[in-house]
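Descriptive structure summary
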Protein chains: 2
Amino acid sequence: MSEERLNPLLLCFEGRSPFANRMAEQGDFEEVPVGLHRFPDGESLVRVDARLAGRHCVVFCSLRSPDEILFPLLSVAYTARELGALSVGLVAPYLAYMRQDKRFHSGEAVSARPFAHLISNHFDYLVTVDPHLHRYHRLDALYRIPATVVSAVPLMADWIRRNIEKPLLVGPDQESLQWVGAAAELANAPFILLEKTRHGDEDVDVKLPEVANWRERTPVLIDDILSTGNTMSKTVRGLIAEGFAPPVCLAVHAVFAGQAEALLTEAGAARLVTANSIAHPTNAVDLCDPVLHALREHLKTRR
Amino acid sequence: MSEERLNPLLLCFEGRSPFANRMAEQGDFEEVPVGLHRFPDGESLVRVDARLAGRHCVVFCSLRSPDEILFPLLSVAYTARELGALSVGLVAPYLAYMRQDKRFHSGEAVSARPFAHLISNHFDYLVTVDPHLHRYHRLDALYRIPATVVSAVPLMADWIRRNIEKPLLVGPDQESLQWVGAAAELANAPFILLEKTRHGDEDVDVKLPEVANWRERTPVLIDDILSTGNTMSKTVRGLIAEGFAPPVCLAVHAVFAGQAEALLTEAGAARLVTANSIAHPTNAVDLCDPVLHALREHLKTRR
């Protein structure tokens, strides 16, 4: 067998990530854990115990805590090239720094840009799921490498259809129209959108539209990122105050910063459900198939 | 006054660092703190509240905890250029990752290289103090930008002359010959070198040479980096067992990982003394003047 026909290597930062394991099982990859050692002085050292020369490599990495993983991540890509990898792609189901897409105050970094610059300088292509595209409408306006965006919407709509009898989808803001609308259509359910005003990291006002017509339905709050849970918990309280059944909270990316879970439970949420772009006990929507499909398309062009 | 004649901006990551403050006072710089905000989700955001367009900028940053500061550091450089800075230099008195200068096991990163690559991609020049040059003998073999190495040796020798009556300098290994020898000559004192064998991050053997002739002298253990303190504490014990007075421990870079201070004190060290490349209560050797001198030389070429 010639070297070019060897399976691509899947270099996994999270050896025990069910997502990466499923990808390796289904995808004809050779899974190799990335050893990550942290020295007592704060430096890190990565190790990939496999022969990389002449191989296509894909790095699988969660960007849930982007600053602490950035150097190990870039270091793996750099090292793979030093050791003769034919290509180095990145599968990051959750793409960090997408919400920092504007200079909100003078002299601030638009962090999405330097972050994209670093990733683009080290990887040949990127596969991610529902990046927070707000002021940038397309990833290729930020990333200089081929980037595939996988949508979790069909799988989330599918979860709603199978689990909620009479759902009312609730989107977090007017910008979510496109994908909440698409999820509602696929789930065959009505939807409403909130009006959101942000005052700070953890200080958000939400305004419910007219909802009297939908009181017999179970609200399903949908967002791309479940971070502090402030918006969602306020919405949960608002809907319960309006006489609704305890809402279900559904999000793609289980960031869960701070006391998010406690906030939502205390507010009265019936259930928290997330996709598995970030490993978390609330994961119930498996993104493995569409991510694998996108990855295979990138690898096809490199064979 | 034309814009070109404005003082350079000193963008300081540590607003209250005495080092940066002294530099700003003495160096005709305009000191501007770098605001560093950490969001609850693990992302960071830097802000420089000054007009950077048309200005020469120098970023002052400690690399004591390199992974967590890397993105903010690169993000500041990126943002300064976006906002029109004429040049962006880096003053990092302690240069991280220099000890990872070899692939110790197959598949490992030689982290010094990807780190140098990142710094070289974002800054125009670098000023640092006594980087750990071991297998790489010069910074320009790693860094693609002009890099000035400031030596702390004269100032450390000066400290020894002023504070220790009859010193015996003790270098950590055979590689330290050049600079321990130079310090000994400047301090007008004899020196010996240890033989060191490293078994792991925190597991080091040291062997003393014949020292009977020097027992009436105060040992001054010198190293470039005081990290875990394992080597030094073993040496302190060894010298005390040989009948020496409690040794003084002198290092350029006060990394002090883990329980280093306690280890050295328990071993019987008389005193811990460091230069101020990393802010620490043991700082007693001020590197401000030579660092400022090196920085002025870089800036001269840009006026």
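The structure displayed is predicted, hence computed values, not measured ones.

Tallying each qualifying case throughout the model produces eight aromatic pairs over all chains. A centroid spacing of 5.3 Å and a plane angle of 45° characterise the contact between A:Phe19 and A:Phe60, whose relative ring orientation is tilted. Placement of A:Phe19 in helix α1 (residues 18-26) and of A:Phe60 in strand β4 (residues 56-60) is noted, with a sequence separation of 41 residues between them. A:Phe19 gets classed as buried once you look at its relative accessible area, which sits at 4%. In this structure an aromatic cluster arises from ring pairing among A:Phe71, B:Tyr97 and B:Phe115.

With that out of the way, let us pick up the sheet that holds strand β12 (residues 218-225) of chain B. Residue and element names in this part refer to chain B. Pairing is parallel in the open sheet, where six strands are placed in the order β9-β8-β12-β13-β14-β15. Each edge of the sheet is formed by a strand with only one pairing partner; in this case those strands are β9 (191-193) and β15 (283-285). Between one strand axis and the next, the sheet turns through 30° on average, direction left out of account. In terms of strand pairing, β12 meets strand β13 (residues 248-253) through five bridges, oriented parallel. The partner of Ile222 across the bridge, within β13, is Leu250. Of the strands in this sheet, β8 (167-171), β12, β13, β14 (271-275) and β15 are in contact with helix α4 (residues 153-163), which crosses β13 at around 155°. This element, helix α6 (residues 230-241), spans β8, β12 and β13 of the sheet and lies at about 170° to β12.

Let's shift gears to empty space enclosed by the protein. Residues and elements named next belong to chain A. With the rule as written, the count across this model stands at four cavities of 30 Å³ or more. Roughly 60 Å³ of volume is contained in the largest cavity. Around the largest cavity sit Val170, Gly171, Pro172, Leu194, Leu221, Ile222, Asp223, Thr231, Met232 and Thr235, which together line it. Secondary structure elements with two or more residues in the lining of the largest cavity: β8 (167-171), β12 (218-225) and α6 (230-241). Residue composition of the lining of the largest cavity, grouped by class: six nonpolar, three polar and one charged.

Attention shifts here to the sheet that holds strand β2 (residues 30-38) of chain A. All names here are of chain A. Read across the open sheet, the seven strands follow the order β3-β2-β1-β4-β5-β6-β7; overall the sheet is mixed. Each of the sheet's edge strands pairs with one partner strand only, and the pair in question is β3 (44-48) and β7 (147-150). Shown here is a sheet whose adjacent strand axes are inclined to one another by a mean of 20°, direction ignored. Here α1 sits on the sheet and contacts β1 (9-12), β2, β4 and β5 (87-91); the angle it forms with β1, its principal contact strand, is near 170°. Against the sheet, helix α8 (residues 288-300) touches β4, β5, β6 (125-129) and β7, its axis set at about 165° to β6.

Mapping chain B onto chain A leaves a residual RMSD of 0.0 Å; the transformation is a rotation of 180° accompanied by 0.0 Å of translation along its axis. Put plainly, the chains are arranged around a two-fold axis. Looking at the rotation axis and the C-alpha trace of chain B, the residue lying nearest is B:Glu68, at 2.6 Å. Same-surface contact between copies: 100% of interface residues of chain B are shared with the interface of chain A.

A separate point is the pattern of salt bridges. Oppositely charged side chains may form a pair once their charged atoms are brought near each other. In the structure shown here, the tally under the stated rule is 28 salt bridges over all chains. Linking A:Lys300 and A:Glu297 is a salt bridge whose minimum nitrogen-to-oxygen distance equals 3.0 Å. Linking A:Lys300 with A:Glu297, this pair stays in helix α8, spanning three residues, or about one helical turn. With a shortest N-O distance of 3.2 Å, B:Arg162 and B:Asp158 are connected by a salt bridge. Taken together, the residues B:Arg162 and B:Asp158, both in helix α4 and four residues apart, mark about one turn of the helix. Each member of the salt-bridge network shares a partner with another, and the members are A:Glu82, B:Arg103 and B:Arg113.

Attention now goes to unusual backbone geometry. Residue and element names in this part refer to chain A. Residue Tyr97 is not a glycine yet carries a positive backbone phi of 70°. The topology assignment puts Tyr97 in the loop between β5 and α3 (112-122). Assessed through its relative accessible area of 0%, Tyr97 is described here as buried.

Right, let's get into the domain arrangement of chain A. When the parts of a complex come together, some accessible area is lost, and that lost area is often used as the size of the interface. All names here are of chain A. Under the domain assignment used here, chain A contains domain 1 (3-151 + 287-300) and domain 2 (153-285). The distance between the C-alpha centroids of domain 1 and domain 2 comes to 28 Å. At the junction of the two partners, domain 1 supplies twelve residues and domain 2 supplies 17 residues. Contact between domain 1 and domain 2 buries roughly 1400 Å² in total, counting both sides, with carbon and sulfur atoms accounting for 60%. Contact with domain 2 buries surface across domain 1, with Arg64, Tyr94 and Leu287 losing the most and accounting together for 41% of the total. Where domain 1 meets domain 2, there are zero salt bridges. The tally of links from domain 1 across to domain 2 stands at six residue pairs in polar contact (both at pLDDT 80 or more). Residues that form the side of domain 1 that touches domain 2 fall into these classes: six nonpolar, three polar and three charged.

Analysis parameters
- Residues numbered from 1 in each chain as written.
- Chains lettered and ligands numbered in written order.
- Predicted model: local features only at pLDDT ≥ 70, side-chain atom pairs only at ≥ 80, totals over all residues.
- Heavy atoms only, no water.
- Phe/Tyr/Trp six-rings, centres within 6.5 Å; stacked < 30°, edge-to-face > 60°.
- Helix = DSSP H or I, 4+ residues; strand = E, 2+ residues; numbered from the N terminus.
- Buried < 20%, exposed > 50% of the residue type's maximum accessible area, 1.4 Å probe, protein only.
- Pairing = 2+ DSSP bridges.
- Axes fitted to C-alpha atoms, helices over the stretch in contact; angles between N-to-C directions.
- Contact = heavy atoms within 4.5 Å.
- 1 Å grid on protein atoms, 1.4 Å probe; cavity = no way out; pocket = protein on both sides within 12 Å on 5 of 7 lines; lining within 4 Å.
- Points joined across faces, edges and corners; volume = space filled by probe spheres on them.
- Nonpolar A, V, L, I, M, F, W, Y, C, P; charged D, E, K, R; others polar.
- Least-squares fit on C-alpha atoms with pLDDT ≥ 70 in both.
- Salt bridge = Lys/Arg side-chain N within 4 Å of Asp/Glu carboxyl O.
- Domains from an automatic or database assignment.
- Buried area = accessible area lost by both parts, 1.4 Å probe.
- Polar contact = N/O pair within 3.5 Å; in protein donor to acceptor, adjacent residues only side chain to side chain.

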